[in-house]
Amino acid sequence: MKRRIAILGATGSVGQSTLDLVKRSPDRFDVIALTAQSKVRELAEAALATGAKLAVVADEGRLPELRTLLDGSGCRAAAGAAALVEAATGDADWVMAAIVGCAGLLPTMAAVEAGKTVALANKEALITAGQLMIEAASRSGSTLIPVDSEHNAIFQCLVGSCGDDVSRLILTASGGPFRTASAEQMRSATPAEAVSHPKWSMGAKISVDSATLMNKGLELIEAYHLFGLGSEQIDIVIHPQSTVHSLVEFIDGSLLAHLGTADMRIPIAYALSWPERMQTPAARLDLVELGRLDFEAPDLERFPALRLAREALESGGGAAIILNAANEIAVELFLAGRIAFHEIAAMVADALGQTTAPAPRSIDEVIALDSATRAKVSAAAHESCS
Ligand code: NDP
């Protein structure tokens, strides 16, 4: 039977890789719904190519254009927050959550509450509402399949594990474009330099997060929620080749690693076909050509974002929401050329230093803390920039 799928964030980097795989195996998938923020041309093109039944644009002002593009195709056009939730909870049984940032929280949570199999790329949703999402999944019977290459690697290494036999997770990080840069060089880094990742081709926000190593900090919190281990059982090592995507250490001292080329279609394919596997066009790893694998400890002085993320995880309450919201605003300001690269972590540190909040008891509380933090961080940035 064909898997009925919805792709939230279909026009983004993860969304496009998912569509690439789906188009290569049309006999395996029925595309039910696709969504975007504002790129209606790309959205309509994907909807027409896949025969999607519903195309949703978050920006309601773009709905007339989307309707015109889909006229006569049999694909319904819709817009706004409620339509995003409809895409996430409708006829699909498998949902790719690939909206970037906390903006993906509501539809992702709705898919989880509706008991869907959720391929989770939108790490910010899990970081801000981790406990609530894991509890909702256990109530609804939803399966969360991690798409982030590191967590997908761990998910694969855990096949056959009972959970109690795991002693440690090791998340690998490429080190990003500034792995060998001096603190001085990083102070003058431009957005173009920050988004040119040495190994992975990704959207702008996650590319900047990779350059600050905030991405690895967010992944630490993501791993904590997904795999139920303590912060002290999750290590991070820099591995510049990005070949070992992560490792699991078991109580007997065995270490299982997942290796592959740096192509997001590999973890996405595993999520798409789970519990089976499917063909992908990803390049195969040539171990002889590769020759060596290097590992080093992260430098927490040059990359304070990683330290801040671990501190936020360990202090608990609403700290991860504050960390994430401040980071999203700081990355936006950096990409807009309004703050320097090193100010991203400084703004996050300020936000964490100024506010403490209890753990949210509902998604409304998550959204309230997220919005309040964004407003505070934006106002502080406006003051210091003017
Ligand atoms: P992109 O920026 O490439 O794409 C983001 C997608 O979300 C686009 O479809 C965009 O629409 C849509 N979108 C943006 N803002 C909103 C909004 N407010 N409401 C609704 N939709 C919105 O991001 P990536 O694909 O790189 O990343 C997506 C998620 O996956 C992130 O959470 C990231 O951390 C995670 N991830 C990404 C990886 C990668 O390789 N790219 C690897 C691992 C995780 P539009 O195009 O119209 O703007």
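Before reading on, note that the structure itself is shown above.
These numbers were taken from a predicted model, which means no experiment stands behind them.

Draft legend 1. Representation of the side chain of Thr128 in the model. Its place among the elements puts Thr128 in helix α6 (residues 123-140). Beyond its immediate stretch of four places on either side in the chain, Thr128 contacts Cys102, Leu105, Ile321, Asn324, Pro360 and Val366.

Draft legend 2. Structural view of the packing of helix α10 (residues 204-212) against helix α11 (residues 214-227). Interhelical geometry of α10 versus α11 gives an angle of 95° and a closest axis separation of 5 Å. If you check the angle between α10 and α11, you find them roughly perpendicular. Across the interface between the two elements, Lys205, Ile206, Asp209, Ser210 and Thr212 from α10 touch Met214, Asn215 and Leu218 from α11. A breakdown of the residues in the contact of α10 with α11 according to their chemical character gives three nonpolar, three polar and two charged.

Draft legend 3. Region of the structure containing the sheet that holds strand β6 (residues 117-120). Taken in spatial order, the seven strands make up an open sheet running β4-β3-β2-β1-β5-β6-β7, and their pairing is parallel. With partners counted over all chains shown, the strands left at the sheet margins are β4 (76-79) and β7 (143-146), one partner each. Across the sheet, the axes of successive neighbouring strands diverge by a mean angle of 20°, strand direction being ignored. Along the sheet face, helix α1 (residues 13-24) touches β1 (3-8), β2 (29-36) and β5 (94-97) and points at about 155° away from the line of β1. Lying on the sheet, helix α3 (residues 63-70) is in contact with β3 (54-57) and β4; it crosses β4 at an angle near 170°.

Draft legend 4. Summary view of the site of the ligand. The immediate surroundings of the ligand are formed by 24 residues, with Thr11, Ser13, Ser38, Lys39 and Glu124 found nearest. Contacts to the ligand include Val14, whose backbone N or O atom sits 2.9 Å from an oxygen atom. Residue Ser38 places a main-chain N or O atom 2.8 Å away from an oxygen atom belonging to the ligand. About the coverage of the ligand: the protein hides 87% of its 910 Å² of free accessible area. Of all elements in the fold, only α1 and α6 reach the threshold of two or more residues within the shell around the ligand. For the shell around the ligand, a count of residues per class yields twelve nonpolar, eight polar and four charged.

The rules behind each value
- Residues numbered from 1 in each chain as written.
- Predicted model: local features only at pLDDT ≥ 70, side-chain atom pairs only at ≥ 80, totals over all residues.
- Heavy atoms only, no water.
- Helix = DSSP H or I, 4+ residues; strand = E, 2+ residues; numbered from the N terminus.
- Contact = heavy atoms within 4.5 Å.
- Axes fitted to C-alpha atoms, helices over the stretch in contact; angles between N-to-C directions.
- Parallel < 35°, antiparallel > 145°, perpendicular 65-115°, else oblique.
- Nonpolar A, V, L, I, M, F, W, Y, C, P; charged D, E, K, R; others polar.
- Pairing = 2+ DSSP bridges.
- Near = heavy atom within 4 Å.
- Polar contact = N/O pair within 3.5 Å; in protein donor to acceptor, adjacent residues only side chain to side chain.
- Areas by Shrake-Rupley, 256 points an atom, 1.4 Å probe, with all protein chains shown as cover.

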